[in-house]
Amino acid sequence: MSTISRREFVKNAATYAAAASFLSAGTLELRANPLGMPIGCQTWPVREMIPNDFPGTLKQLSAAGFQTIELCSPFGYSDLGFGGLAKYKGAELRKIIGDAGLSCVSSHFGITELRENQQRSIDWAKDVGLTQMLVPSLDGPEKPTMDDVKRAADEYNKMGERAAKAGIQQGLHNETFELSMVDGKRTYDLLLDLLDPKLVKFQFQVSTISLGYDAAEYFTKYPGRFISMHVQGWSAEAKKVAPVGQDSLDWKKIFAAAKTGGIKNYFVEMDLEMMKASVPYLRNLQV
């Protein structure tokens, strides 16, 4: 064993302590972040910022602690802040996202744009490097019949098949149509039975707890059927959306069930300040 002076010992001890602290923090970071997944956010809440400064907007999200994003299609969302993304080639878009310290594998697409020209949307998704294409809703009637639901499911299964041939997973969010009822049954539940598990995965909107749709319950009941979720805190007392961790939901239970459900990624989706306020809780959440 070599001998060192007291001064060298103190100096080295400080260095070792700093290194240990760094490694400890890194270990905590690895243990935390629910399911070891990067903390993500949807870009819909910042859609008004995107046309003015897309790179700057992404840098703000990265600075807030987000590591991955979900986009919206420049075709289906052209008049809602995302039309300008069409001017970028895939490599350019990937570079802008990467330069901000972010990654992106998922985007929302309007069902109408897929009906009109699904191949164009698939081509854009492939060019950008996406592996997941989600639609917010199948846009069926407000008060559907069973035949309406079957028609919508059949159409989307075919879309899912075309996407699968391109190496992309098609997915379905739950918005208006999916939250309707048919003969006393939830349309969402019927779609889970009618959509092909290999061709269509589901993206759960956690805030639908306000209407009785419990994320943990669905993840447990339908293992492997989900690919992602939109994360919103919900205050049962105030009956409104709240920052994650400052709400009444059992997030440990939700994320534990999400593993069973098959969740591959998740995206916080609230106003920007609420999204920022959710990051510290998610960063330290261990499941």
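Every value quoted in this text rests on a predicted model; they were computed, and no experiment measured them.

### Description of the overall build of the chain
Consideration 1: Scanning the chain from N- to C-terminus turns up 10 helices and 12 strands.
Consideration 2: Put simply, 77% of the contacts in the chain that link residues at least 6 apart link residues at least 24 apart.
Consideration 3: Put simply, the chain shows about 14,100 Å² of open surface, and 53% of that area lies on carbon and sulfur atoms.

### Let's talk about the pattern of salt bridges
Consideration 1: Applying the stated criterion across every chain, the model contains 5 salt bridges.
Consideration 2: Residue D99 pairs with K95 through a salt bridge whose shortest N-O separation is 2.7 Å. Of this pair, D99 and K95 both sit in helix 4 (residues 90–99), 4 residues apart, which is roughly one turn of the helix.
Consideration 3: Note that D154 and K158 form a salt bridge whose closest N and O atoms lie 3.4 Å from each other. Taken together, the residues span about one helical turn, with D154 and K158 both in helix 6 (residues 146–165) at a distance of 4 residues.

### Notes on the environment of V244
Consideration 1: Its place among the elements puts V244 in the loop between strand 11 (240–242) and helix 9 (251–261).
Consideration 2: Residues V244 and S278 lie 34 residues apart in sequence; the distance between their C-alpha atoms is 4.7 Å.
Consideration 3: Not counting residues within four places of it along the chain, the set of residues in contact with V244 comprises V231, Q232, G233, W251, M270, A277, S278, Y281 and L282.

### Looking at the nonpolar core
Consideration 1: Ranked by internal contacts, the top residues of the largest apolar core, which has 80 residues, are F204, F219 and M229.
Consideration 2: Setting aside its immediate chain neighbours within four residues, F204 contacts N174, Y188, Y213, D214, A215, Y218, F219, F226, S228, M229 and H230.

### Thoughts on the pairing of strand 2 (residues 68–72)
Every regular strand shows the same layout, with side chains that alternate between the two sheet faces.
Consideration 1: In terms of burial, strand 2 is a largely internal element, 5 of the 5 residues being buried.
Consideration 2: The two faces of strand 2 match: T68, E70 and C72 on one face and I69 and L71 on the other face are all buried.
Consideration 3: Bridging between strand 1 (residues 40–42) and strand 2 involves 3 bridges; their strand directions are parallel. When the bridges of strand 2 are listed, Q42 appears paired with E70.
Consideration 4: This β-α-β element, strand 1 to helix 2 (residues 54–63) to strand 2, shows right-handed connectivity.
Consideration 5: Pairing analysis gives 5 bridges linking strand 2 to strand 3 (residues 103–108), with the strands arranged parallel.

### Quick look at unusual backbone geometry
Consideration 1: With a phi angle near 55°, D139 is a residue other than glycine that sits in the positive phi range.
Consideration 2: On the basis of relative accessibility, which here comes to 46%, the residue D139 falls in the partly exposed class.
Consideration 3: Even without glycine at this site, D183 takes up a positive phi of about 50°.

### Describing the side chain of T208
Consideration 1: With respect to the helices and strands, the residue T208 is situated in the loop between strand 8 (200–205) and helix 8 (215–221).
Consideration 2: By relative accessible area, T208 is classed as buried at 5%.
Consideration 3: Apart from residues no more than four positions distant in its own chain, T208 is found in contact with N174, L179 and Y213.

### Details of the packing of aromatic side chains
Consideration 1: What the rule picks out here adds up to 18 aromatic pairs.
Consideration 2: With a centroid separation of 6.0 Å and 45° between ring planes, the pair formed by W251 and F255 is classed as tilted. With a gap of 4 residues between them, W251 and F255 both fall in helix 9, about one helical turn apart. The exposure classification of W251 matches that of F255, with both residues buried.
Consideration 3: Geometrically, the ring pair formed by F255 and Y266 is edge-to-face, given 5.0 Å between the ring centres and 75° between the ring planes. Here Y266 lies in strand 12 (residues 265–268) and F255 lies in helix 9, a separation of 11 residues in the sequence. Per residue, the accessibility class of F255 equals that of Y266, and both read buried.

### Describing the confidence of the model for the chain
Consideration 1: Per-residue confidence for the chain averages 90 on the pLDDT scale, and 89% of its residues sit at or above 70.
Consideration 2: Across residues 1–32, where pLDDT falls below 50, the model places 10 contacts with residues more than four positions away in sequence or in other chains.

### Brief notes about the packing of helix 5 (residues 111–128) against helix 6
Relative placement of two packed helices is described by the angle separating their axes and the distance separating the axes.
Consideration 1: In the contact formed by helix 5 and helix 6, the axes pass within 11 Å of each other and the chain directions differ by 10°. Of the possible angle classes, the one that applies to helix 5 and helix 6 is roughly parallel. Counting all contacts with helix 5, which are made through I111, L114, R115, Q118 and I122, the residues of helix 6 involved are E155, Y156, M159, R162 and A163.
Consideration 2: Split into classes, the residues belonging to the contact of helix 5 with helix 6 amount to 6 nonpolar, 1 polar and 3 charged.

Conventions used here
Residues numbered from 1 in each chain as written. Predicted model: local features only at pLDDT ≥ 70, side-chain atom pairs only at ≥ 80, totals over all residues. Heavy atoms only, no water. Helix = DSSP H or I, 4+ residues; strand = E, 2+ residues; numbered from the N terminus. Contact = heavy atoms within 4.5 Å. Areas by Shrake-Rupley, 256 points an atom, 1.4 Å probe, with all protein chains shown as cover. Salt bridge = Lys/Arg side-chain N within 4 Å of Asp/Glu carboxyl O. Core = buried A, V, L, I, M, F, W, Y, C linked by side-chain atoms within 4.5 Å. Buried < 20%, exposed > 50% of the residue type's maximum accessible area, 1.4 Å probe, protein only. Pairing = 2+ DSSP bridges. Right-handed = clockwise from strand over helix to strand, strands pointing away. Phe/Tyr/Trp six-rings, centres within 6.5 Å; stacked < 30°, edge-to-face > 60°. pLDDT = per-residue confidence, 0-100. Axes fitted to C-alpha atoms, helices over the stretch in contact; angles between N-to-C directions. Parallel < 35°, antiparallel > 145°, perpendicular 65-115°, else oblique. Nonpolar A, V, L, I, M, F, W, Y, C, P; charged D, E, K, R; others polar.

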